[in-house]
Amino acid sequence: MTTVAPVTNPASGAAAGQTEKPQIGEEFNSFLKLLTAQLRNQDPLAPLDSTQFVEQLATFSSLEQNVKSNSSLDVIAAKMSDLYAIVASQWLGQTVKVESTWVPFSDEAVNFTVDVPDETDRAVLTVKDDTGKVVWNETLDADATGFSWNGSTLTGDQPAAPGLYQMGIDLYRGDEYAGTMAPKLDLN
């Protein structure tokens, strides 16, 4: 009985069937091997056009640049991910204000602020459930800086169920509608 050794790639020493990351420039070396084999085996009566060789060389050159760019982008992405984690860790234990119309409610009051423009006469908070049904309306005090919604509903018999709610601040000048803005939520 004969034992057969695995076939190896002379350039890398890897056994056939094993996958390894190609080294930068390996594609170019493969191109040169193909090019020399093509030159050796071409028909002398009908040689290939030199522009074809230049086109092939340019193609493989751009391929090599793409491989280098991809590996550089992988390194950059990894470093950015680490940077985001470092920056995010500095916010632990801090209160952050985020402007958003969608608010998660879970039996705790939702605290928020609103930068109402000076020319606004009235600001009305409207809270809708995830189906678009209005569950709460409230005219906000123009002199206050912070507000909260504790889950109150228009029916008043029970608080809003835990879930996702849409909050909008409708602005009025006199009786004229001036637009809607999002509240700035306090996130801990």
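Now for a look at the structure at hand. Residue numbers restart at each chain and count upward from 1, following the sequence in its written direction. Two thresholds apply to this predicted model, a pLDDT of at least 70 for residue-level local features and 80 or more for giving and counting side-chain atom pairs, whereas whole-chain, interface and lining totals are computed over all residues. For the side-chain quantities, the full set of heavy atoms in the structure was used; hydrogens and water were omitted.

## Quick look at the sheet that holds strand β1 (residues 96-99)
Two strands qualify as a pair provided that DSSP identifies no fewer than 2 bridges between them. Strands here mean DSSP runs of E at least two residues long; helices mean DSSP runs of H or I at least four residues long; both are numbered from the N terminus. Ordered in space as β1-β9-β3-β6, the four strands form an open sheet in which the pairing is antiparallel. The open sheet has two free edges, formed respectively by β1 and β6 (146-149), since each of these has just one partner strand. The mean angle between the axes of side-by-side strands here comes to 40°, regardless of whether they run parallel or antiparallel. Here an angle of 0 to 180 degrees is reported between the N-to-C directions of two axes, which are lines fitted to C-alpha atoms, with helices fitted over the stretch in contact.

## Topic: the pattern of salt bridges
Salt bridges are identified by distance alone: a Lys or Arg side-chain nitrogen within 4 Å of an Asp or Glu carboxyl oxygen. In total, this model carries two salt bridges according to the counting rule given. One salt bridge connects aspartate 115 with lysine 184, and the closest N-O pair in it is separated by 2.7 Å. On the criterion of sequence distance, the pair formed by aspartate 115 in the loop between β3 (110-113) and β4 (122-128) and lysine 184 in strand β9 (residues 184-187) is long-range, its members being 69 residues apart. Look at aspartate 115 and you get partly exposed, because its relative accessible area is 47%. Type-normalised accessible area, obtained with a 1.4 Å probe on protein chains alone, sets the label of each residue: buried when under 20%, exposed when over 50%, and partly exposed for intermediate values.

## Brief notes about the packing of aromatic side chains
Side-chain rings of Phe, Tyr and Trp (the six-membered ring for Trp) are treated as a pair once their centres are within 6.5 Å; stacked means planes under 30 degrees apart, edge-to-face means over 60, and tilted covers the remaining angles. Under the counting rule described, the total for this entry stands at five aromatic pairs. On the basis of an interplanar angle of 85° and a centroid distance of 6.2 Å, the ring pair of phenylalanine 105 and tyrosine 165 is categorised as edge-to-face. Taken together, the positions of phenylalanine 105 in strand β2 (residues 102-105) and tyrosine 165 in strand β7 (residues 163-173) put the pair 60 residues apart, joining distant regions of the chain. Here the two residues phenylalanine 105 and tyrosine 165 agree in accessibility, since each one is buried. Counting every residue linked through ring pairs, the aromatic cluster contains Phe105, Trp149 and Tyr165. The rule for a charge over a ring is simple: NZ of Lys or CZ of Arg within 6 Å of the ring centre, and within 35 degrees of the ring normal. The ring of tyrosine 172 has arginine 122 sitting right over it, with the charged end atom 4.3 Å from the ring centre.

## Concerning the side chain of threonine 120
Its location among the elements puts threonine 120 in the loop between β3 and β4. We classify threonine 120 as buried; its relative accessible area is 12%. In this view, threonine 120 contacts Leu171, Tyr172 and Arg173; residues no more than four positions away in its chain are not counted. Whether two residues are in contact is decided by their heavy atoms: any pair within 4.5 Å suffices.

## Some points on unusual backbone geometry
One non-glycine residue with positive phi stands out, namely aspartate 107, at about 65°. Within the secondary structure layout, aspartate 107 lies in the loop between β2 and β3.

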